[in-house]
Amino acid sequence: MGLPFSGETGPHNAITDVPGVLVGFSTLDGSTEDGKIIKTGVTAILPRGHADEPAPVWAGLHRFNGNGEMTGTHWIEDAGYFFGPLCLTNTHSVGIVHHAAVRWMIRRYASAWSKRPMWALPVVAETYDGQYSDIDGQHVTEAHALSAIEGAAPGPVAEGNVGGGNGMRCYKFKGGTGTSSRALTIDGRRYTVASLVQSNHGVRDVFTVLGVPVGLHMPFSEGEQRELGSIIVIVATDAPLLPHQLQRVARRAALGIGRGGTYGGNSSGDIFLAFSTANPGPLPVFAPMHLSMEHLNDGACDPIYRAVIDATEEAVLNSMLAAEPTPEFRPGGNVCPALDADELVRIMTRYGRGPTA
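Residues numbered from 1 in each chain as written. Predicted model: local features only at pLDDT ≥ 70, side-chain atom pairs only at ≥ 80, totals over all residues. Heavy atoms only, no water.

Trainee: Before we go on, may I ask you to explain the overall build of the protein chain in this structure?
Mentor: Each helix and strand counted, the protein chain has eight helices and 14 strands in total. Taken against the 2.2 N^0.38 rule, which gives 21 Å for 357 residues, the C-alpha radius of gyration of the protein chain at 20 Å falls within 12% of a compact globule. Summarising its shape, the C-alpha atoms of the protein chain cover approximately 60 × 55 × 35 Å along the three principal directions. Here the protein chain, with 357 residues, has 56% of them falling under the buried criterion. For the protein chain, the share of sequence-separated contacts (at least 6 apart) that also reach a separation of at least 24 residues comes to 80%. Accessible surface for the protein chain amounts to roughly 14300 Å². Of this, 51% is attributable to carbon and sulfur atoms. Taking the 26 positively charged and 35 negatively charged side chains of the protein chain as two groups, their mean positions are separated by 3 Å. (Helix = DSSP H or I, 4+ residues; strand = E, 2+ residues; numbered from the N terminus. Rg over C-alpha atoms; globule rule 2.2 N^0.38 Å. Buried < 20%, exposed > 50% of the residue type's maximum accessible area, 1.4 Å probe, protein only. Contact = heavy atoms within 4.5 Å. Areas by Shrake-Rupley, 256 points an atom, 1.4 Å probe, with all protein chains shown as cover. Lys, Arg positive; Asp, Glu negative; His and termini not counted. Charge placed at Lys NZ, Arg CZ, Asp CG, Glu CD.)

Here it is in structure tokens:
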């Protein structure tokens, strides 16, 4: 669209611009025999692809507002890493997706499981799609989750009404899955920082794009203006960062979503995870007693913080621009509109923030 977002994107402007990171989807669109709408799914992120041996990625967490779920976080906070797939789905499907991810890990890492007693603590996060899908029907199955994991691939990433983001809304527009990346140089070395979001948050009157109060020019007239949704932000990088640094990176995602106007309402689950694919190696149980890791000086991390904020801000907008209008399931009678790109450009141009040449 040519909107003047800052920073240099990667080749796909996606989380898959981080080398080795794969993304897959399972998207459910349909209805039950009694007319209930099914609009949900699963998004799978594989930080180390389809490797046959389990290998950790160093990680950090931040909970901006806690009305939500992300499994495996206690161990990440203690150990500073996780391994295996990272999945996003709807609130009532966390259990079956977790079950499927464990099964995939047992099968994929069969060699490691045969050497010693092992356990799997996959990361599964959620946002609520009950307004546009029969969430109580629990239509996501183990097969759906396995399909998303096994189908994870590099390259361009679909956005909008796909995967776990299929039934979500954002600032009272249709939201869902969005992603963006930034390329940067630190001390002569090139790195990528990228965000993938599952956006389901925000109220219309605060919706802001590049500082422009867009929501005030696209008023929302249906019912109460309360923030009832959530957002999951997954940040990936190939920069060598320690867990405490990745925790600081995850915190910056809050600034990224804040640029869109959200204030993190009481009923919103705003949970962020950052991981680094640098410093590859075996799980600690298979590693020697003394280890060496390369990592950036804390004082060198400012460009990464800025990149996280920029990529997260754009990922949220991308999730809306790629989305399609969706009929409401409950209470019914309305259609969640897509963000009108042409109208957005007109508003941005009025404020001198329109497309650049």
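The rest of the description comes next.
Trainee: What's the story with the environment of isoleucine 106 in this structure? I'm lost.
Mentor: Here isoleucine 106 lies in helix H2 (residues 94-108). Judged by relative accessible area, which is 40%, isoleucine 106 ranks as partly exposed. Separated by 13 residues in sequence, isoleucine 106 and tryptophan 119 have C-alpha atoms that sit 8.7 Å apart.

Trainee: Would you explain the packing of H2 against helix H4 (residues 142-150) in this entry?
Mentor: Angle between the axes and distance between the axes are the two parameters that describe a pair of packed helices. Packing of H2 against H4 brings their axes to within 8 Å, and their N-to-C directions diverge by 55°. By the angle between their axes, H2 is oblique relative to H4. In this structure, H2 crosses over H4, and the sense of that crossing is right-handed. Taking contact as the criterion, the partners of Ile96, Val97, His99, Ala100, Ala101, Arg103, Trp104 and Arg107 in H2 are, on H4, Glu142, Ala145, Leu146, Ile149 and Glu150. Looking at the contact of H2 with H4, its residues break down into eight nonpolar, one polar and four charged. (Axes fitted to C-alpha atoms, helices over the stretch in contact; angles between N-to-C directions. Parallel < 35°, antiparallel > 145°, perpendicular 65-115°, else oblique. Left-handed = near helix turned anticlockwise from the far one by under 90°. Nonpolar A, V, L, I, M, F, W, Y, C, P; charged D, E, K, R; others polar.)

Trainee: I would appreciate a short explanation of the sheet that holds strand E9 (residues 176-186) in the present structure.
Mentor: Pairing between sheet strands relies on hydrogen bonds along the backbone, with the strands arranged either parallel or antiparallel. Read from one edge to the other, the open sheet built from six strands follows the order E4-E3-E12-E11-E10-E9, with strand pairing classed as mixed. Each edge of the open sheet carries a strand with a single partner, namely strand E4 (81-82) and E9. Of the strand pairs in this sheet, E9 and strand E10 (residues 189-200) are connected by 11 bridges, and their pairing is antiparallel. If you follow threonine 177 over to E10, its bridge partner there is glutamine 198. Docked against the sheet, helix H6 (residues 243-258) engages strand E3 (57-66), strand E11 (230-237) and strand E12 (269-276), running at close to 40° with respect to E3. Each of E9, E10 and E11 touches helix H7 (residues 302-321); the most contacted strand, E9, lies at about 155° to it. (Pairing = 2+ DSSP bridges.)

Trainee: Just to check I follow, could you spell out the packing of aromatic side chains for this structure?
Mentor: Aromatic ring pairs: the centre-centre distance and the angle between the two ring planes describe each pair. If you walk through the whole model with that rule in mind, you get eight aromatic pairs. An angle of 80° between the planes, with centres 6.1 Å apart, marks the rings of tryptophan 75 and tyrosine 81 as edge-to-face. Here the aromatic residues Phe83, Trp104, Tyr109 and Trp113 are joined through ring pairs into a cluster of three or more. Sitting over the face of the ring of phenylalanine 286, lysine 115 holds its NZ or CZ atom 5.9 Å from the ring centroid. One Lys or Arg, arginine 252, reaches over the ring of tyrosine 305 and ends 3.9 Å from the middle of that ring. (Phe/Tyr/Trp six-rings, centres within 6.5 Å; stacked < 30°, edge-to-face > 60°. Lys NZ or Arg CZ within 6 Å of the ring centre and 35° of its normal.)

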